Amino acid sequence: MIEARGLTKRYGSKTAVDGVTFTVQPGQVTGFLGPNGAGKSTTMRMIVGLDRPTAGTVTVNGKPYAAHRRPLAEVGALLDAKAVHTGRTARNHLLAMAATHGIPTKRVDEVIELTGLRPVATKRVGGFSLGMGQRLGIAAALLGDPRTLILDEPVNGLDPEGVLWVRNIAKYLASEGRTVFLSSHLMSEVALTADHVLVIGKGRILADAPVSEIVDGAERKLVRVRSPQATELAELLKAQDAQVDGVEPGLLEVRGSTAAAVGELAALSRIVLHELTPVASTLEEAYMSLTADSVEYQSEGIAGHAGTQSDLEGSKA
Amino acid sequence: MSATVTAPAGGPAPGTTAGSTPVQNVTFWRVLRSEWIKLWTLRSTWWTLASTVVVIVGFALMMALIVQLVGNEMEGAAPEDQAAMGGMLGGTMVVSAGFEMAALVVAVLGALMITGEYSTGMIRSTFAAVPGRLSAFFGKAVVLALVTAVLITVSLALSWLVTYPLLNSNDATVDFGDSAQVRSLFGTVLYVVLVALFALGLGALLRHTAGAIFTVVAIFLVIPTIVQIATFAASQLEWVGTVNKLLPSVAGAQITPNAGAFPDVLDPWVGISVLAGYTVLVLAGAAARLKLQDA
């Protein structure tokens, strides 16, 4: 279990994490969702004591991370794939980490096997691809058989098979009663893996709820209506408490109503319709709308499109 | 992602992580073992250690050849002149002639032990495993001191061995019955160990490989050279001499056989204590920064 109380981190005048309070429960996968620069990594680094909070506290399994006698048995953390000396082989890196906790060599070979690193275990990490580095980071996180796992963007750079593997291992570990805290900037990834989700934007927690609730709550039903008498129709819809946006002349987007209701109203008022389309918003859009005001690096036009973003992610692997 | 790496697609095999792993408390001894593994699993370690041996033995051979040349020159000179020459270029001086260069090479190793972790991000893994941080840092210091002490002792022994034939024919071998000579060789080991630790501390303070190495070279080579020119050029200025004798390199070297000829120097044990003091200061500053700042 991870408990943060009023956790704050400031760098000079910039506030990276702004008094967040949350609890990550064992036995389920908790997604930590937010745009880049929202404060996910900083929060995770504070959990394992790498960054000192400016204010507030965070405990893991009841104690601050540094107060544990066997920290690697409490928390396994993948903070970024490149937290490894590039001149050392993967196996030697794991052996050195294991030595601090008296973890036997057998366990090192076990996690190498588990993460599919065996073919490259005796190669130096400097030549690793992003995906192999990610697997090594996960291997290191699993080394101490920890009760809590913190994975910062674990699927970053993995091929589709690796992504599936991370999802499975996260769910499996949670099913064993462990706490799994996994960050991502991709709503779709969290929706597929997590049971519960924390949404963070500009250093603040925007939502803390089961994934299903976030998806249902944020999924806005939308009806697109094209009509030469759009202005007239808009007035009628507004009178029925529907929310109407004029997208372009003759095209309306209607929220708070259904296609059937709009059609009936138009027929009743003798208004001609050229198009009547119910539009279900995607998860990605739901997430976008939730974090719309808190995106650190706002982009113009195409880059804001969710599909483009996942395509970019995919091509990195 | 290379095609050779294949993951078990169905997730982990059951039972592989289910609480069967023996995990012990973090102790200083275990941290030492970890640092020991880290040191020997990097190629840079082997390179710097080999270079150190080459420097010490190489300098010793060169000096032994000079002794041989001088000996040939002085063939037939008065016995008291020959004795004076032997005193000037004694066996300990020859054997340890390369100690200052060797100290700089070992300083690179000391700095790399910590700056290499900062530049690669390894430091985050280190501090995640040892969140107390200081035991990881002092673990590095102990491993470095130990390895340096053995390395320099072995290098000096090798130097003694390879120069023995030349020195023996010129009556300039090390006299192990002379406690002053033994002390000066022990002092050489101590000097190099302290410089290595000084560099480790600077590395942790600066968190930058080139910066740390440049600073060590400046403190132990460039600044002393400038000050020493000043002591000869302006020997009437008393403060120049004071600065000179308090320099880490000059103070520390008084205990070695190659102290250099200065009018005003510290007592050997006081001198090495001054160097030790500087080293402790740097290590303490480094420890404070490690403990207080984000990794």
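Cut-offs applied
Residues numbered from 1 in each chain as written. Chains lettered and ligands numbered in written order. Predicted model: local features only at pLDDT ≥ 70, side-chain atom pairs only at ≥ 80, totals over all residues. Helix = DSSP H or I, 4+ residues; strand = E, 2+ residues; numbered from the N terminus. Buried ≥ 20, exposed ≤ 12 C-beta atoms within 10 Å, placed from the backbone. Contact = placed C-beta atoms within 7 Å. Expected span 1.5 Å × (residues − 1). UniProt positions renumbered as here; feature names shortened; annotations may be inferred. Nonpolar A, V, L, I, M, F, W, Y, C, P; charged D, E, K, R; others polar. pLDDT = per-residue confidence, 0-100. Pairing = 2+ DSSP bridges. Axes fitted to C-alpha atoms, helices over the stretch in contact; angles between N-to-C directions. Domains from an automatic or database assignment. Parallel < 35°, antiparallel > 145°, perpendicular 65-115°, else oblique. Left-handed = near helix turned anticlockwise from the far one by under 90°. Core = buried A, V, L, I, M, F, W, Y, C linked by C-beta atoms within 7 Å.

## Comments concerning the overall build of chain A
Move 1: Helix and strand counts for chain A come out as 12 helices and 13 strands.
Move 2: Sorting the 317 residues of chain A into buried and exposed places 46% on the buried side.
Move 3: Of the contacts formed within chain A by residues at least 6 apart in sequence, a portion of 69% connects residues at least 24 apart.

## Some points on helix α8 (residues 179-206) of chain B
Residues and elements named next belong to chain B.
Move 1: The first and last C-alpha atoms of α8 sit 40 Å apart over 28 residues, in line with the 40 Å expected at 1.5 Å per residue.
Move 2: Counting buried positions along α8 gives 22 out of 28 residues, so the element sits mostly inside the fold.
Move 3: Of the residues flanking the end of α8, it is Arg207, one or two places downstream, whose phi is positive at about 55°.

## So, the UniProt feature "transmembrane region" (unreviewed entry) in chain B
Move 1: The sites that carry the UniProt feature "transmembrane region" (unreviewed entry) are, in the present numbering, residues 46-71, 91-116, 137-162, 182-206, 213-234 and 269-290 of chain B.
Move 2: A distance of 31 Å separates the end C-alpha atoms of residues 269-290 of chain B, which is 100% helix and 0% strand.

## Some remarks on the interface of chain B and chain A
Reports of interface size often rely on the accessible area that becomes lost once the parts have come together.
Move 1: The interface is formed by 46 residues belonging to chain B together with 56 residues belonging to chain A.
Move 2: Within the residue set of the side of chain B that touches chain A, elements represented by two or more residues are α1 (28-40), α2 (43-73), α5 (99-120) and α6 (122-129) of chain B.
Move 3: Residue composition of the side of chain B that touches chain A, by class: 20 nonpolar, 19 polar and seven charged.

## Let's talk about the confidence of the model for chain A
Residues and elements named next belong to chain A.
Move 1: Of the residues in chain A, 85% reach a pLDDT of 70 or more, and the chain-wide mean stands at 86.
Move 2: The element-level mean pLDDT for chain A is lowest in helix α12 (residues 306-316), coming to 40, with helix α3 (residues 90-99) highest at 97.
Move 3: Confidence drops under a pLDDT of 50 for residues 302-317, and excluding neighbours within four residues, the segment shows 17 contacts in the predicted structure.

## Let's talk about helix α1 (residues 40-47) of chain A
Residues and elements named next belong to chain A.
Move 1: Within α1, eight of the eight residues are buried, which leaves the element mostly enclosed by the surrounding structure.
Move 2: Where α1 is concerned, the buried positions are Lys40, Ser41, Thr42, Thr43, Met44, Arg45, Met46 and Ile47.
Move 3: In the segment just after α1, Gly49 is the residue with positive phi, at about 75°.

## Observations concerning the sheet that holds strand β7 (residues 179-184) of chain A
Residues and elements named next belong to chain A.
Move 1: Judged by pairing direction, the sheet is mixed, and its six strands sit side by side in the order β5-β6-β7-β3-β8-β9 without closing on themselves. Looking at which strands have only one partner, the edges of the open sheet turn out to be β5 (75-78) and β9 (204-210). Averaged over all pairs of adjacent strands, the angle between their axes in this sheet comes to 15°, without regard to strand direction.
Move 2: Together, β5 and β6 (148-152) form the strand contacts of helix α5 (residues 130-142), whose direction differs from that of β5 by roughly 170°.

## Examining the domain arrangement of chain A
Move 1: We note that the domain assignment places domain 1 (2-216) and domain 2 (221-280) within chain A.
Move 2: The gap between the C-alpha centroids of domain 1 of chain A and domain 2 of chain A is 47 Å.

## Focus on the packing of α5(B) against helix α7 (residues 134-168) of chain B
Each pair of packed helices gets described by two things: the angle between the helix axes and the distance between those axes.
All names here are of chain B.
Move 1: Between α5 and α7, whose axes approach to 11 Å, the crossing angle comes to 155°. The orientation of α5 relative to α7 falls into the category roughly antiparallel. Crossing of α5 against α7: the hand is right-handed. Residues Ala102, Val106, Gly110, Met113 and Ile114 of α5 form the contact with α7, whose own contacting residues are Lys140, Leu144, Thr148, Ile152 and Ser155.

## Describing the nonpolar core
Move 1: In terms of nonpolar packing, the biggest core is built from 162 residues, with Leu94(A), Tyr191(B), Val192(B), Val195(B) and Ala196(B) touching the most fellow members.
Move 2: Each residue touching Ala196(B), except ones within four places of it in the same chain, is listed here: Val106(B), Ala107(B), Leu109(B), Gly110(B), Leu144(B) and Thr148(B).

## A look at the environment of Val84(A)
Move 1: Examined against the element boundaries, Val84(A) turns out to sit in the loop between β5 and α3.
Move 2: With 159 residues separating them in the primary sequence, Val84(A) and Gln243(A) have C-alpha atoms 53 Å apart.
Move 3: The residues contacting Val84(A), other than those within four sequence positions of it, are His93(A), Val125(A), Leu136(A), Thr120(B), Gly121(B), Met122(B) and Ser125(B).

## Notes on the sheet that holds strand β4 (residues 55-60) of chain A
Residue and element names in this part refer to chain A.
Move 1: Pairing in this open sheet of three strands is antiparallel, and the strands run β2-β1-β4 from one edge to the other. The sheet terminates laterally at β2 (14-24) and β4, the two strands that pair on one side only. Each strand of the sheet is rotated relative to its neighbour by a mean of 20°, with strand direction disregarded.
Move 2: Here strand β1 (residues 2-11) runs beside β2; their pairing, made up of seven bridges, is antiparallel. Residue pairing across strands places Arg10 opposite Thr15, the latter belonging to β2.
Move 3: This element, α1, spans β1, β2 and β4 of the sheet and lies at about 115° to β1.

## Describing the packing of α5(B) against α6(B)
Residues and elements named next belong to chain B.
Move 1: Close contact between α5 and α6 brings their axes to 5 Å; oriented N to C, the two are set at 105°. Judged by the inter-axis angle, α5 sits roughly perpendicular to α6. Residue-level contacts link Glu117, Tyr118 and Thr120 of α5 to Met122, Ile123 and Thr126 of α6.
Move 2: In the contact of α5 with α6, the residues fall into three nonpolar, two polar and one charged.

## Focus on the pairing of strand β8 (residues 196-201) of chain A
If a strand is regular, its side chains alternate between the two faces of the sheet.
Residues and elements named next belong to chain A.
Move 1: Judged by how many residues are buried, β8 sits mostly within the fold: five of six residues are covered.
Move 2: Here strand β3 (residues 29-33) runs beside β8; their pairing, made up of four bridges, is parallel. Residue Thr30 lies in a different strand from β8, and its bridge partner there is His196.
Move 3: By the bridge criterion, six bridges tie β8 to β9 in an arrangement that is antiparallel. Along β9, the bridge assignment pairs Leu198 with Asp208.
Move 4: Between the end of β8 and the start of β9, which pair antiparallel, lie two residues, with Lys202 showing a positive phi angle near 45°.

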